[in-house]
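Okay, here's what each chain looks like letter by letter:
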Amino acid sequence: MNWIDRLKKAHMLSIITIFLVVIICLVAVLINRRKEAKQASENSYNMAFYELVDYVQNVETFLAKSLISSTPEHGAETLTNVWREANLAQAYLAQLPIESQELENTERFLNQVSDYSYSLSRKNIYNENLTDEDLNNLKNLHSYSVELENTLNQLSDDINSGRIKWNELANKGEVAFAQQVSTSSLDGFSNLEENFHEYSGLIYDGAFSEHLTSSEKKGLIGEDIDEEMAKQKVIEFVGNNNIKEIQNLGYSENANIPEYNFSITTVTGDNISISVSKKGGHIVYMNSNRDVNTEIISQEDANQKGKDFLNKHGFQNMKETYYLKRDGIVTINYAYTQNDVIIYSDLIKVKVALDNGEVLGIETTGYLNNHTQRDISNVKITKDEAKKTLNKDLNIASEGLAIIPTEYKTEILCYEFKGKVDDREFLVYINAQNGREEDVLIITNTPNGTLTM
């Protein structure tokens, strides 16, 4: 081998050596960053857990105080604190990578105690004393909160001992939870599960009904379907003669409503996006974005077109409420009616083209989440008694019963009064059980629609 070949060989070895060193350095950096990310994630989960423990302790403390509050003023303040701390506890619980049944029930408990404490605080604000039943419910909820606090403290010991590793829970779920958690913690959760069933039915009727605090979708009826069955549902909904090509876009398991997604090219060249629920095969969403250049259809005709479309596809007793018009398309909100009572929780949105009345879109999420038959017999005051709460300057144009959702995931049966003060239109909602004013909305009429604020 001459000196040139030796030089080439040495040069090649140098290049290979440098290349290997670079790879080793990169691997070391990646491993180090992965460790740092894993540690940061572990720290984040630990922080969320200890914040959860603190807020659950606060819930227990304020529930205990609520049992001995002797004045409505102090009771309102204490119960408002319960409501706030329970909401914050829910927020941190949601950050933990645990999906076991026990913690699902813990989340449900925190949600319900939040709603109930808020309801009782409103009683106190209106200078009403709590009934014996209210106090008994609070006593039972306090007992459950003590058990929950003790069990979380046992779980804290598992974390401090290193028995629980959050990242493994995130990757392996319930199996890892069962393997890592100590027997005392599992026994604690089992006791919570058993006792929860005793507490869960105590207070959650009416405004705190099960369907609003459960993950169950009341409007999703029927058995689970597979992808091929979902495709057939799409074809039936759109019409086989209207479809040139249909493409499967996959399954969304983590959506609010687990669904199969499809894309359609119509025979006229338009594109339609559509999704079908896995449970029951319900149309969750459909949308076409074709251009609409003229407006021939009146708003009244568009309302009827939308209602006819809903009737055709099995959505009966729907009433148009508000609408918004843009670029030749009107989006109309339809609410379900039960015995002439408008139920605003069961909402469906329909898009209607104003050139020919074609329905271009539908969204049924609100309806599928909430639709069920309600008990609307619990009316304790008359319409005339409800009117006594109204502003004397309100000139009433229409009146009737309605069920309205609240920001606290509850529903309230109300008298709905529509009227004017001076030149402004209002909707006023008076509780049909106690005559309280629950909400006031301003109706805004514009050239592009009727909205509420």
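Time to look at the overall build of the chain. Scanning the chain for helices and strands turns up 12 helices and 13 strands. Out of the 453 residues belonging to the chain, those deemed buried represent 43%. Taking the intrachain contacts of the chain between residues at least 6 apart in sequence as the baseline, contacts between residues at least 24 apart amount to 58%. Counting only carbon and sulfur atoms, one obtains 48% of the accessible surface of the chain, whose full area is about 24600 Å².

Judged from the two bridges that link them, strand β5 (residues 318-326) and strand β13 (residues 449-452) form a sheet pairing that is antiparallel. Residue pairing across strands places Leu-324 opposite Gly-449, the latter belonging to β13. In this sheet, β13 lies alongside strand β12 (residues 437-446) in antiparallel orientation, the contact comprising four bridges. In the strand pairing of β13, Thr-446 is matched with Gly-449. Between the antiparallel neighbours β12 and β13 lie two residues.

Below, the discussion takes up the pattern of salt bridges. Oppositely charged side chains are able to pair whenever their charged atoms sit close together. As enumerated under the stated definition, the model contains 10 salt bridges in all. In this structure, the salt-bridge partner of Lys-383 is Glu-399, at a minimum N-O distance of 3.6 Å. On the criterion of sequence distance, the pair formed by Lys-383 in helix α12 (residues 383-387) and Glu-399 in strand β9 (residues 395-405) is long-range, its members being 16 residues apart. What makes Glu-399 partly exposed here is its relative accessible area of 36%. Each member of the salt-bridge network shares a partner with another, and the members are Arg-290, Asp-355 and Glu-358.

Burial of strand β11 (residues 424-431) is extensive: seven of the eight residues sit out of reach of the surface. Where strand β10 (residues 411-421) lies against β11, eight bridges are found, and the strand directions are antiparallel. Along β11, the bridge assignment pairs Lys-418 with Leu-427. Across six bridges, the pairing between β11 and β12 is antiparallel.

Once that is clear, we can look at the confidence of the model for the chain. When pLDDT is averaged across the chain, the result is 79; 76% of the residues are at 70 or more. In the predicted structure, residues 197-214 sits below a pLDDT of 50 and forms 40 contacts with residues beyond four places in sequence or in another chain.

The next subject is the packing of aromatic side chains. Summed over the entire model, instances satisfying the criterion amount to eight aromatic pairs. An angle of 35 degrees between the planes, with centres 5.0 Å apart, marks the rings of Tyr-251 and Tyr-260 as tilted. Each ring, one from Tyr-336 and one from Tyr-367, has its centre 6.4 Å from the other, and the planes form 80 degrees; the classification is edge-to-face. Of this pair, Tyr-336 sits in strand β6 (residues 329-338) while Tyr-367 sits in helix α11 (residues 365-370); the two residues are 31 residues apart in sequence, bridging distant segments of the chain. The pair Tyr-336 / Tyr-367 is uniform in exposure class, with both members buried. Within the aromatic cluster, the residues linked to one another by ring pairs are Phe-315, Tyr-336 and Tyr-367.

Ile-274 and Ile-362 are the most contacted members of the largest nonpolar core, which totals 51 residues. When near neighbours in sequence (up to four residues on either side) are disregarded, Ile-274 contacts Val-234, Phe-237, Val-238, Tyr-260, Asn-261, Phe-262, Ile-264, Ile-283, Tyr-285 and Met-286. Counting 29 residues, the second-largest nonpolar core is a separate cluster that includes Val-53, Val-56, Leu-130 and Leu-155.

Procedures and definitions
Residues numbered from 1 in each chain as written. Predicted model: local features only at pLDDT ≥ 70, side-chain atom pairs only at ≥ 80, totals over all residues. Heavy atoms only, no water. Helix = DSSP H or I, 4+ residues; strand = E, 2+ residues; numbered from the N terminus. Buried < 20%, exposed > 50% of the residue type's maximum accessible area, 1.4 Å probe, protein only. Contact = heavy atoms within 4.5 Å. Areas by Shrake-Rupley, 256 points an atom, 1.4 Å probe, with all protein chains shown as cover. Pairing = 2+ DSSP bridges. Salt bridge = Lys/Arg side-chain N within 4 Å of Asp/Glu carboxyl O. pLDDT = per-residue confidence, 0-100. Phe/Tyr/Trp six-rings, centres within 6.5 Å; stacked < 30°, edge-to-face > 60°. Core = buried A, V, L, I, M, F, W, Y, C linked by side-chain atoms within 4.5 Å.

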